[in-house]
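# Close look at the chain arrangement
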Amino acid sequence: MSATARKTAPMPDDILAMKGDTPIVSLTAYTTPMARMMDGICDFVLVGDSVGMVLHGLPSTLGVTMEMMILHGAAVARGLTKSMLVIDMPFGSYEESPAQAFRNAAALMRDTSAAAVKLEGGTHMVETIQFLVARGIPVMAHIGLTPQSINTLGGYKVQGRDDQAEALLADARAVADAGAFCVVLEKVPATLADQITTDVAIPTIGIGASAGCDGQILVVDDMLGLFTEFKPKFVKRFATLGQDGTAAIEAYAAEVRARSFPGPEHIFSDKAPKK
Ligand code: KIV
């Protein structure tokens, strides 16, 4: 079923049931107005830790905190009634132990009313995924390029090429078997993404992966053309809001300097209008 036909937000099980059916549509969001724009159009909305780079100007996602995720998660929740809300677990909030992951995942869900959490990692996160799912926390996994590990991955490189392919396939199988309801595949070769999609029973959500994935996700500021510092190959700009915004600000500045704004229609007279 497509999200536009829904009256209420889907649950993680509904997303799982979309495997091999209608492609799953998702975007990131970090604010209430942006969430309102995509409510009911996207099947799920992710409050990604990309918020650190996109809205806070951080050099990577490593500096993102629980407090930032909760602040933005709660804002996005206020804008959604028909799309499911998923929230990222920030770096350092889940890797230490399953118990640490549970404590922080529960806080994220309690304070933002997200329906699920997303965490990065494959085989090595199996125990944590099992622990969370057994205790009522739906988990979306994220494998391939996992930006919280750029220091060990050696940057933002494509993952799973050549002799890495088997390990990535094993990661996908491991998170699916551990009980994740969905898995994000970031920056992996298209043929491998297709192979994983065929192989695992949970939906794959591609970003820099393949049109054959069960769904797609993009960072909303990238696809709206708001984030213009650089454009990864996998991003398609569906609008040029950054450029349009700068042009609007220049037009405003010119009118202020020419004293043509505010115009007569924007100012108030000294007499109250007659009722
Ligand atoms: O943080 C994020 O925005 C993400 C998506 C791009 C998958 O993890």
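The structure presented is a predicted model; accordingly, all values stated were derived computationally and were not measured.

Together, Tyr252, Val256 and Phe261 line one region of the surface with nonpolar side chains, adding up to about 270 Å² of accessible area. By the element assignment, Phe261 lies in the segment after helix H11 (241-257). Note on Phe261: relative accessible area 33%, which makes it partly exposed.

Moving on, we come to the sheet that holds strand S5 (residues 139-144). Taken together, the 8 strands give a closed barrel; going around it, the order is S1-S2-S3-S4-S5-S6-S7-S8, and neighbouring strands pair in parallel fashion. Neighbour to neighbour, the strand axes of the sheet diverge by 25° on average, direction disregarded. Of the pairings in the sheet, the one linking strand S3 (residues 84-88) to strand S4 (residues 116-120) comprises 3 bridges and is parallel in character. Pairing of Asp88 across the sheet is with Lys118, part of S4.

Take the pattern of salt bridges next. Counting across every chain of the model gives 4 salt bridges. Salt-bridge contacts for Lys118 lead to Asp88; the nearest nitrogen and oxygen are separated by 2.7 Å. Of this pair, Lys118 sits in strand S4 while Asp88 sits in strand S3, placing them 30 residues apart in sequence. On the basis of relative accessible area, Asp88 is assigned to the buried category, the value being 3%. With its nearest N and O atoms 3.0 Å apart, the salt bridge here joins Asp111 to Arg110. Overall, the relative accessible area of 33% leaves Asp111 in the partly exposed class. What makes Arg110 exposed here is its relative accessible area of 63%.

What follows concerns the site of the ligand. Every residue close to the ligand is listed here: Thr28, Leu46, Gly48, Asp49, Ser50, Asp88, Lys118, His142, Ile207, Ile217 and Val219. One nitrogen or oxygen atom from the side chain of Asp49 is found 2.9 Å from an oxygen atom belonging to the ligand. Contact with the protein chains covers 95% of the free accessible surface of the ligand, which is 260 Å². Tallied by class, the residues present in the shell around the ligand amount to 4 nonpolar, 4 polar and 3 charged.

Counting buried residues in S5 gives 6 out of 6 residues, a clear majority hidden from the surface. Judged by which residues are buried, S5 turns out to be covered on both faces: Val139, Ala141 and Ile143 on one side and Met140, His142 and Gly144 on the other are all buried. Sheet topology note: the S4/S5 ladder contains 4 bridges and is parallel. Of the residues in S5, the one forming a bridge with Lys118 is Met140. The handedness of the S4 to S5 crossover, carried by helix H6 (residues 126-134), is right-handed.

What follows is about the pairing of strand S2 (residues 44-47). For a regular strand, side chains alternate in direction, first toward one face of the sheet and then toward the other. Residues Phe44 and Leu46 point to one face of S2 and Val45 and Val47 to the other, with burial holding for every one of them. Following the backbone out of strand S1 (residues 24-28), through helix H2 (residues 32-38) and into the adjacent parallel S2, one traces a crossover that is right-handed. One ladder, built from 4 bridges, connects S2 with S3; its direction is parallel. If you follow Phe44 over to S3, its bridge partner there is Met84.

The rules we used
Residues numbered from 1 in each chain as written. Predicted model: local features only at pLDDT ≥ 70, side-chain atom pairs only at ≥ 80, totals over all residues. Heavy atoms only, no water. Patch = residues over 30% accessible without salt bridge, like charges linked within 9 Å, V, L, I, M, F, W, Y side chains within 5 Å. Areas by Shrake-Rupley, 256 points an atom, 1.4 Å probe, with all protein chains shown as cover. Salt bridge = Lys/Arg side-chain N within 4 Å of Asp/Glu carboxyl O. Helix = DSSP H or I, 4+ residues; strand = E, 2+ residues; numbered from the N terminus. Buried < 20%, exposed > 50% of the residue type's maximum accessible area, 1.4 Å probe, protein only. Pairing = 2+ DSSP bridges. Axes fitted to C-alpha atoms, helices over the stretch in contact; angles between N-to-C directions. Near = heavy atom within 4 Å. Polar contact = N/O pair within 3.5 Å; in protein donor to acceptor, adjacent residues only side chain to side chain. Nonpolar A, V, L, I, M, F, W, Y, C, P; charged D, E, K, R; others polar. Right-handed = clockwise from strand over helix to strand, strands pointing away.

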